[in-house]
Amino acid sequence: MKYNCLIIDDEKLLADSTAEYFNLFGVNTVAVYSAEESRTFFKENTAELILLDINLGDGSGFELCKELREKTNIPILFISARTSDDDKIVALNIGGDDYVQKPYSLGVLLAKVKAVLKRYGQAAAAEYADGYLTVNFAAKQVNVNGNTVKLTTLEFKLLAYLIENKGKVISKKELFEKVWEDKFTGDGTLNVHIRRLREAIERTNEPKYIVTVWGDGYKFTGGKE
């Protein structure tokens with residue numbers, strides 16, 4: 001499931017009340033209470049923004065931020081009762097996007113979150129994500145079930161073109177011209193790249209993302225067929 005906001009905070013009452021308030025104002029939000037619960041969350045869900053407490057019962061928010069930054073570039077706003085300028089500097093240097101002081105005003109925090117989500121939404125076209133497969137077009141990064149996979153430049157270009165035309169059958173001729181920029185590329189070359197892409201992103205040996213439409217070409221389905 002896709003959420004607008006994930007709150008990671010071991011202060012359960014505060015996290016729950018913040019999530020409830022956000023949901024009342026149309027920001028689809030869920031709360032978890034530990035680093036381990038956040039890892040479980042991302043196995044089956046996605047979020048557009050994270051509110052992350054520095055002090056977690058099972059670890060440091062700083063360390064969790066570093067871990068998350070290896071897999072995603074979504075905005076992370078630190079929330080903390082700590083007032084040290086050093087904490088704020090560390091938070092921003094390791095990949096945090098802002099630092100929110102506890103106790104916070106729910107109204108002010110909601111306005112900040114909405115502003116970040118608006119900016120993120122404007123850049124959403126730069127990323128494809130469905131909870132299993134994430135493709136960041138700007139960074140040319142692909143994550144499958146939370147793990148980074150390496151593609152060649154041409155493989156990434158092929159995947160990106162198919163995703164940009166999701167649901168549309170793309171002929172081999174169009175792929176040769178738009179991806180290879182060479183109308184004389186052979187079927188064998190294309191078949192090899194399609195096979196490698198499937199090996200990198202598919203859940204099973206039966207393709208669900210990149211589907212062959214016999215006699216016509218290929219279609220990216222988002223794993224729904």
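On a predicted model such as this, the values are computed, not experimentally measured, just so you know.

Participant: When you look at the pattern of salt bridges in this model, what are you seeing that I'm missing?
Facilitator: Side chains that differ in sign of charge can pair as their charged atoms come close. Enumeration over the complete set of coordinates arrives at twelve salt bridges. The shortest N-O distance in the salt bridge between Lys12 and Asp16 comes to 3.0 Å. One end of the pair is Lys12 and the other is Asp16, both in helix 1 (residues 12-24) and four residues apart, which spans about a single turn. Here Asp97 and Arg69 are joined by a salt bridge, their closest N and O atoms 3.2 Å apart. Here the residue Asp97 occupies a position in the loop between helix 4 (85-93) and strand 7 (98-101), and Arg69 occupies one in helix 3 (residues 61-69), the gap between them amounting to 28 residues.

Participant: What's the story with the sheet that holds strand 6 (residues 76-80) in this structure? I'm lost.
Facilitator: By definition, the strands of a sheet pair up through backbone hydrogen bonds, in either a parallel or an antiparallel sense. In space, the five strands of this open sheet follow the order 2-1-3-6-7, with parallel pairing throughout. The open sheet has two edge strands with one neighbour each: strand 2 (29-32) and strand 7. Shown here is a sheet whose adjacent strand axes are inclined to one another by a mean of 25°, direction ignored. Strand direction decides the pairing type here: strand 1 (residues 2-8) and strand 3 (residues 46-53), joined by six bridges, are parallel. Directly across from Lys2, in strand 3, lies its bridge partner Thr46.

Participant: Would you mind showing me how to read the packing of helix 6 (residues 153-164) against helix 8 (residues 187-201) here?
Facilitator: Geometry of a packed helix pair, given as the angle between the helix axes and the separation of the axes. Put simply, helix 6 and helix 8 touch, their axes get as near as 10 Å, and they point 80° apart. As summarised for this structure, helix 6 and helix 8 are arranged roughly perpendicular, according to the angle between their axes. Residue-level inspection shows Leu154, Glu155, Leu158, Leu159 and Leu162 of helix 6 in contact with helix 8, the latter providing Leu190, His193, Ile194, Arg196, Leu197 and Ile201. Residue composition of the contact of helix 6 with helix 8, by class: eight nonpolar, one polar and two charged.

Participant: I would appreciate a short explanation of the environment of Val213 in the present structure.
Facilitator: Mapped onto the secondary structure, Val213 falls in strand 12 (residues 210-213). Sequence-wise, Val213 and Ser84 are 129 residues apart; in three dimensions their C-alpha atoms are separated by 59 Å. Dropping the residues within four chain positions of it, Val213 is found in contact with Val169, Tyr218 and Lys219.

Participant: What should I look at first to understand the layout of surface pockets in this one?
Facilitator: Rolled over the atoms, a probe as big as a water molecule pinpoints where empty space is left. As a volume, the largest pocket reaches approximately 630 Å³. Looking at the largest pocket, it is lined by 27 residues, and the ones nearest its centre are Phe42, Asn45, Thr46, Thr72 and Thr134. For the lining of the largest pocket, a count of residues per class yields ten nonpolar, ten polar and seven charged.

Definitions and limits used
Residues numbered from 1 in each chain as written. Predicted model: local features only at pLDDT ≥ 70, side-chain atom pairs only at ≥ 80, totals over all residues. Heavy atoms only, no water. Salt bridge = Lys/Arg side-chain N within 4 Å of Asp/Glu carboxyl O. Helix = DSSP H or I, 4+ residues; strand = E, 2+ residues; numbered from the N terminus. Pairing = 2+ DSSP bridges. Axes fitted to C-alpha atoms, helices over the stretch in contact; angles between N-to-C directions. Parallel < 35°, antiparallel > 145°, perpendicular 65-115°, else oblique. Contact = heavy atoms within 4.5 Å. Nonpolar A, V, L, I, M, F, W, Y, C, P; charged D, E, K, R; others polar. 1 Å grid on protein atoms, 1.4 Å probe; cavity = no way out; pocket = protein on both sides within 12 Å on 5 of 7 lines; lining within 4 Å. Points joined across faces, edges and corners; volume = space filled by probe spheres on them.

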